[in-house]
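# Per-entry structural report
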Amino acid sequence: MIDLPLVTILLLTGFINLIGALAYAARIAGVRTRRIAMSFALFNILVLFSRTSNSFLGPFLAKRIETRIHDGSGASLFIDMQFVLAAASVATLIGILLVPTGQRMFATAIGWYQTNRSTTKLALKAMSRSGLRTAHQSLRIPSLAHLKSWSMPKGISWGVLIANCLAQSLLAVGVVASLYAGYLAPEFRVTASQLSALINGFATILLFAFIDPQLSVMTDDAVEGKVGEGEFRRAIMLISLSRLAGTILAQLLLMPAALLIAYVAVHV
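Given the structure is predicted, the values throughout are model-derived calculations rather than measurements. (Residues numbered from 1 in each chain as written. Predicted model: local features only at pLDDT ≥ 70, side-chain atom pairs only at ≥ 80, totals over all residues. Heavy atoms only, no water.)

### Structural notes on the UniProt feature "transmembrane region" (unreviewed entry) in the protein
We count it as follows: UniProt positions are given in the numbering used here, feature names are shortened, and annotations may be inferred rather than shown by experiment. Here a helix means four or more residues in a row that DSSP labels H or I, a strand means two or more in a row labelled E, and each is numbered from the N terminus.
Those places that UniProt annotates as "transmembrane region" (unreviewed entry) correspond, in this numbering, to residues 6-25, 37-57, 77-99, 156-180, 192-211 and 244-266. Helix makes up 96% of residues 77-99 and strand makes up 0%, while its end C-alpha atoms are separated by 33 Å. Across residues 244-266 one finds 100% helix and 0% strand; the C-alpha atoms that close the span lie 33 Å apart.

### Some thoughts on the packing of aromatic side chains
Counted only if it meets this: Aromatic rings from Phe, Tyr and Trp, taking only the six-membered ring of Trp, are treated as a pair when their centres fall within 6.5 Å; an angle between ring planes under 30 degrees marks them as stacked, one over 60 as edge-to-face, and anything in between as tilted. Under the scheme applied here, a residue whose accessible area is under 20% of the maximum for its type counts as buried, over 50% as exposed, and between as partly exposed, the area being computed with a 1.4 Å probe on protein chains only.
Throughout the structure, instances matching the rule amount to two aromatic pairs. Pairing Y180 with Y183 gives two aromatic rings, centres 5.7 Å apart and planes at 35 degrees, and the pair type is tilted. Here the residue Y180 and the residue Y183 both occupy positions in helix α7 (residues 158-184), the gap between them amounting to three residues, near one helical turn. Accessibility expressed as a relative area gives 5% for Y180, which makes it buried. Taking the relative accessible area as the measure of exposure, Y183 reaches 27% and is therefore partly exposed. Following the ring pairs from residue to residue traces out a cluster consisting of F78, Y180 and Y183.

### Thoughts on α7
Keep this limit in mind: Expected span of a helix: the number of residues minus one, times 1.5 Å. The seven residues ending at a residue and the seven starting there each receive a fitted axis; the angle between those axes is the bend at that residue.
For α7, built from 27 residues, the straight-helix expectation of 39 Å at 1.5 Å per residue is met to within 8% by its first-to-last C-alpha distance of 36 Å. Maximum bend of α7: about 40 degrees, positioned at G174. Counting buried residues in α7 gives 19 out of 27 residues, a clear majority hidden from the surface.

### As for the packing of α7 against helix α9 (residues 196-224)
The following threshold applies: To define axes, lines are fitted to C-alpha atoms, for helices over the stretch in contact only, and angles between the resulting N-to-C directions are given on a 0 to 180 degree scale. If an angle is under 35 degrees, it is roughly parallel; if it is over 145, roughly antiparallel; if it lies from 65 to 115, roughly perpendicular; otherwise it is oblique. What makes a crossing left-handed is the near helix being turned counterclockwise from the far one by less than a right angle; a clockwise turn instead makes it right-handed. Contact between two residues is taken to exist if any of their heavy atoms lie within 4.5 Å; hydrogens are not considered.
In contact at an axis separation of 8 Å, α7 and α9 are set at 155 degrees when each is read in the N-to-C sense. By the angle between their directions, the pair α7 and α9 is classed as roughly antiparallel. Crossing geometry of α7 relative to α9 is assigned as left-handed. Here α7 contributes V160, A163, N164, L166, A167, Q168, L170, L171, V173, G174, V175 and S178 to the contact with α9, which in turn contributes S196, I199, N200, F202, A203, T204, L206, L207, I211 and Q214.

### What to know about helix α4 (residues 99-116)
Taking 1.5 Å of rise per residue, 18 residues should cover 26 Å, and α4 covers 25 Å from first to last C-alpha, within 8% of that figure. Those residues of α4 that fall on the buried side of the exposure criterion are V99, P100, T101, G102, Q103, F106, A109, I110 and Y113. Looking one or two places after α4, you find R117, whose phi comes out positive at around 55 degrees.

### Concerning unusual backbone geometry
The phi dihedral of R34 falls on the positive side, at around 65 degrees, and the residue is not glycine. Turning to its location among the elements, R34 is positioned in the loop between α1 (4-33) and α2 (36-70).

### Focus on the environment of M218
Turning to its location among the elements, M218 is positioned in helix α9. Each C-alpha atom of the pair M218 and E231 lies 9.9 Å from the other, and the pair is 13 residues apart in sequence. Other than its neighbours up to four places away in sequence, M218 contacts P153, K154, I156, V227, E231, F232 and A235.

### Here's the deal with the side chain of S39
Convention followed: N or O atoms within 3.5 Å of each other form a polar contact, as long as, within protein, one can give a hydrogen and the other can take it, and as long as residues adjacent in sequence are counted only when both atoms are side-chain atoms.
Looking at the secondary structure, you find S39 in helix α2. The buried category is assigned to S39, whose relative accessible area is 0%. Side-chain polar atoms of S39 contact the backbone oxygen of I36, separated by 2.7 Å. Leave out the neighbours within four places in its chain, and S39 touches A26, G30 and I110.

### Quick notes on the pattern of salt bridges
Basically, it comes down to this: When a carboxyl oxygen of Asp or Glu is within 4 Å of a side-chain nitrogen of Lys or Arg, the pair counts as a salt bridge.
Counted under the stated rule, the structure contains six salt bridges. Between R68 and D80 there is a salt bridge, with its nearest N and O atoms 3.0 Å apart. Placement of the pair is R68 in helix α2 and D80 in helix α3 (residues 77-97), with a sequence separation of 12 residues. With a relative accessible area of 10%, R68 lands in the buried category. On the basis of relative accessible area, D80 is assigned to the buried category, the value being 1%. Several salt bridges converge on common partners, so that one network encompasses D3, R64, R68 and D80.

Given below as structure tokens:
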């Protein structure tokens, strides 16, 4: 049954994943404007918003589990968790479709910041009438023209895409699986809820040690002209699609991950 608390969780999950998917647009804007440092600053702001919002998601999910257990409807928790992961997939897809729009908005923001140099003023500008007008003018329908060539962009391999898919699936499922593990092993519920690092830690290492450096090097190559902008955009699109595939894979990993965390909570 979908009720108001579940809708709140789904909207928060959607916001987190929408921001995460849109963050890739900042890299494209950086290449187009040649303002890499500023584009990375915008990227980090989006990631900060996403991760801060993610810290609120855990308590909402925990309350959902506690409520289900107390009213005797715990059997439907698995479906609730699947809804949460499905919301992540839908929001990621929307974010991918909005990347061309986001790229234009970020390019405008970078140019505006170069003149005014105030994050507070930039935030107020974004929420103003002129900011909303700029957002409307930036709306673009994604073009698949840069995907007509199925050759792998320079600097991106199937290994990187598969690793990103796996990392994103683990990040999506980590908190959800640890909380659901608390339902599977209620006597060790607190321990299970603290074991999301067992899943997320490996994903974080994958992202920051193997995937982000590849994407950063390719960004530098695009700025220096070693990689064409079209090829760079195709690489970002493939990375984004692998992120989407990861959120879908997370639905298949939910039960195995929860069982693993429950086992560790009980036996370690």
